[in-house]
Amino acid sequence: MEITYEKLIEMAYEAMQFAYTPYSKFNVGAALLASTGDVYTGCNIESASYGATNCAERTALFKAVSEGCRSFKAIAIVSESKLPTYPCGICRQMLMEFGDLDVILDRGGSLVVHRLSELLPHSFTQADLQI
Ligand code: THU
């Protein structure tokens, strides 16, 4: 049975509890739905160096790819903010590396669905590396 986007949001909230955010205190959770139906979750993990921080989306993506999964349908992203939490530029680029997918956000209890290609138009991809 295909997982619903509502359930994916719920799984992202569960992952958010593990966020390590002593600096920003801004907790984020992500749940990445693979084409196989498997779900990889992630949270943000910060560092005293600040710049080494890993976003929740990339944590989920790196978990998936490091386990041999490279094809995805959707990613849910949540935080404690009342506003929907959109993926940062680095995460948009990194997710696009593995193709387009639905980006599911929570706007005060309602789902917002975007296509990644809508959030990162004219993206630079492997196909552009021809010389
Ligand atoms: N963050 C994410 O994990 N994902 C996003 O989409 C936006 C930002 C994290 C990075 C940092 O730990 C904190 O949120 C504040 O920027």
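Above this text is the structure in question.
Read on for a plain summary of the structure. Since the structure is predicted, the reported quantities are computational estimates derived from the model, not experimental observations.

### Re helix H2 (residues 56–65)
1) Next: With 7 of 10 residues buried, H2 lies mostly within the body of the structure.
2) Next: All of the buried residues along H2 are Ala56, Glu57, Arg58, Thr59, Ala60, Leu61 and Ala64.
3) Next: Packed against the buried residues of H2 are strand S1 (28–34), strand S2 (39–43), strand S3 (72–79) and helix H3 (89–96).

### Quick look at the sheet that holds S2
1) Next: A sheet is described by the order of its strands in space; here 5 strands give the open sequence S2-S1-S3-S4-S5, paired in mixed fashion. Whereas interior strands pair on both sides, the edge strands pair on one side only; in this sheet they are S2 and strand S5 (110–115). Mean inter-strand twist for the sheet, computed between neighbouring axes without regard to direction, equals 20°.
2) Next: Pairing of S3 with strand S4 (residues 102–107) involves 4 bridges; the strand directions are parallel. Of the residues in S4, the one forming a bridge with Ile77 is Leu105.
3) Next: Sitting on the sheet, helix H1 (residues 5–16) is in contact with S1, S2, S3, S4 and S5, with an inclination near 50° to S3.

### Looking at a nonpolar patch on the surface
1) Next: Residues Tyr20, Tyr23, Ile45 and Tyr50 make up a contiguous nonpolar surface patch of about 440 Å² in total accessible area.
2) Next: Examined against the element boundaries, Tyr50 turns out to sit in the loop between S2 and H2.

### What to know about the site of the ligand
1) Next: Close to the ligand lie 13 residues, the nearest being Asn44, Glu46, Ala56, Glu57 and Tyr86.
2) Next: Within the side chain of Asn44, an N or O atom sits 2.9 Å from an oxygen atom of the ligand.
3) Next: In this structure, an oxygen atom belonging to the ligand sits 2.5 Å away from a side-chain N or O atom of Glu46.
4) Next: Burial of the ligand by the protein amounts to 78% of the accessible area it has alone, namely 370 Å².
5) Next: Split by residue class, the shell around the ligand holds 7 nonpolar, 4 polar and 2 charged.

### Focus on the nonpolar core
1) Next: Membership of the largest hydrophobic core comes to 22 residues, with the highest contact counts inside it found for Leu32, Phe72, Ile75, Leu95, Leu101 and Val103.
2) Next: Counting residues per element, the ones that place at least two in this core are S1, H2, S3, H3, S4 and helix H4 (116–119).
3) Next: Excluding residues that lie within four positions of it along the chain, Leu32 makes contacts with Asp38, Val39, Tyr40, Ala60, Leu61, Ala64, Phe72, Ala74, Ile75, Leu95 and Leu101.
4) Next: Grouped together as the second largest cluster of nonpolar side chains are 12 residues, Ile9, Met11, Met16 and Ile104 included.

About the criteria used
- Residues numbered from 1 in each chain as written.
- Predicted model: local features only at pLDDT ≥ 70, side-chain atom pairs only at ≥ 80, totals over all residues.
- Heavy atoms only, no water.
- Buried < 20%, exposed > 50% of the residue type's maximum accessible area, 1.4 Å probe, protein only.
- Helix = DSSP H or I, 4+ residues; strand = E, 2+ residues; numbered from the N terminus.
- Contact = heavy atoms within 4.5 Å.
- Pairing = 2+ DSSP bridges.
- Axes fitted to C-alpha atoms, helices over the stretch in contact; angles between N-to-C directions.
- Patch = residues over 30% accessible without salt bridge, like charges linked within 9 Å, V, L, I, M, F, W, Y side chains within 5 Å.
- Areas by Shrake-Rupley, 256 points an atom, 1.4 Å probe, with all protein chains shown as cover.
- Salt bridge = Lys/Arg side-chain N within 4 Å of Asp/Glu carboxyl O.
- Near = heavy atom within 4 Å.
- Polar contact = N/O pair within 3.5 Å; in protein donor to acceptor, adjacent residues only side chain to side chain.
- Nonpolar A, V, L, I, M, F, W, Y, C, P; charged D, E, K, R; others polar.
- Core = buried A, V, L, I, M, F, W, Y, C linked by side-chain atoms within 4.5 Å.

So yeah, pure geometry; function would need other evidence.
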